[in-house]
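Below are the chains, spelled out letter by letter.
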Amino acid sequence: MKHRFSQIFWVKRRAIAGRLTALLMWLVFMSGCGEGDGLGLPPLHPVQGKVVYRGQPAKGFRVTFHPLQDIGELKFAPSAITESDGTFRLRSYQPEDGAPLGEYAVTLEWPDHLIEADDPDPKPVTDRLRGAYGDPQRSQIKVSVTAGPNELKPFVLR
């Protein structure tokens, strides 16, 4: 019984931490609105692409861009979830806002389910790709984000 309580406690703690992180990101974004952001947040550029897995559009994949350079004081990794046609648009501060200029290592995960923000007791997520594309240190997928809109070549996985 004690072990089950411990598991529930840690899962709920992670859910609360996730909500606090989202709140912090929202506060950072809102404080950046208006004349200058005052926080040194880097400007963003739209990034969109597509993931193909075994010849089919990859629906529900998590795409994460890990910066290979310093992007400023606030450390984050722009990310997105692929749509039913395999397409994605990166998010940094708000939906589809893009990523800062620079070089990135890209990781891809295929979660067995997506956690809802208001789920009080989320179950752990399992990567159906078993981490094959999930390590930014070993990623063979590198991209450059340039000024203006960025339309990437599809990421084709086997």
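So, a few notes on the structure that sits alongside this text. (Residues numbered from 1 in each chain as written. Predicted model: local features only at pLDDT ≥ 70, side-chain atom pairs only at ≥ 80, totals over all residues. Heavy atoms only, no water.)

Time to look at the packing of aromatic side chains. In this structure the tally under the stated criterion is seven aromatic pairs. Judged by centre distance (6.0 Å) and plane angle (20°), the ring pair of Phe88 and Phe155 falls under stacked. Taken as a pair, Phe88 in strand β5 (residues 87-89) and Phe155 in strand β9 (residues 155-157) lie far apart in primary sequence, 67 residues in all. Of the two residues, Phe88 and Phe155, both sit in the buried class. Put simply, the rings of Phe65, Phe88, Tyr104 and Phe155 pair up and form one aromatic cluster. (Phe/Tyr/Trp six-rings, centres within 6.5 Å; stacked < 30°, edge-to-face > 60°. Helix = DSSP H or I, 4+ residues; strand = E, 2+ residues; numbered from the N terminus. Buried < 20%, exposed > 50% of the residue type's maximum accessible area, 1.4 Å probe, protein only.)

What follows is about the pairing of strand β7 (residues 142-145). The two faces of the sheet receive side chains in turn, since in a regular strand these alternate between them. Side chains Val143 and Val145 project from β7 onto a buried face, and the interleaved Lys142 and Ser144 project onto a face without burial. Pairing of strand β6 (residues 102-109) with β7, which is carried by four bridges, proceeds in the antiparallel orientation. The residue of β7 that forms the bridge with Ala105 is Lys142. (Pairing = 2+ DSSP bridges.)

Two side chains with opposite charge may pair up if their charged atoms get near one another. Across all of its chains, the model carries three salt bridges by this definition. A salt bridge links Lys75 to Asp70, with the nearest nitrogen and oxygen atoms 2.7 Å apart. (Salt bridge = Lys/Arg side-chain N within 4 Å of Asp/Glu carboxyl O.)

Considering the arrangement of structural elements, one finds Lys142 in strand β7. On the basis of relative accessible area, Lys142 is assigned to the partly exposed category, the value being 47%. Sequence separation of Lys142 and Thr107 is 35 residues, and the distance between their C-alpha atoms is 9.3 Å. Those residues in contact with Lys142 that lie beyond four places of it in its chain are Leu68, Tyr104 and Ala105. A distance of 2.5 Å separates the side chain of Lys142 from the backbone oxygen of Ser139, its partner in a polar contact. (Contact = heavy atoms within 4.5 Å. Polar contact = N/O pair within 3.5 Å; in protein donor to acceptor, adjacent residues only side chain to side chain.)

Take Pro124: it is sitting in the loop between β6 and β7. When its relative accessible area of 56% is taken as the criterion, Pro124 is described as exposed. Once the C-alpha coordinates of Pro124 and Asp112 are considered, the two residues, 12 residues apart in sequence, prove to be 9.3 Å apart. The residues touching Pro124, leaving out its near neighbours within four places in the chain, are Asp112 and His113.

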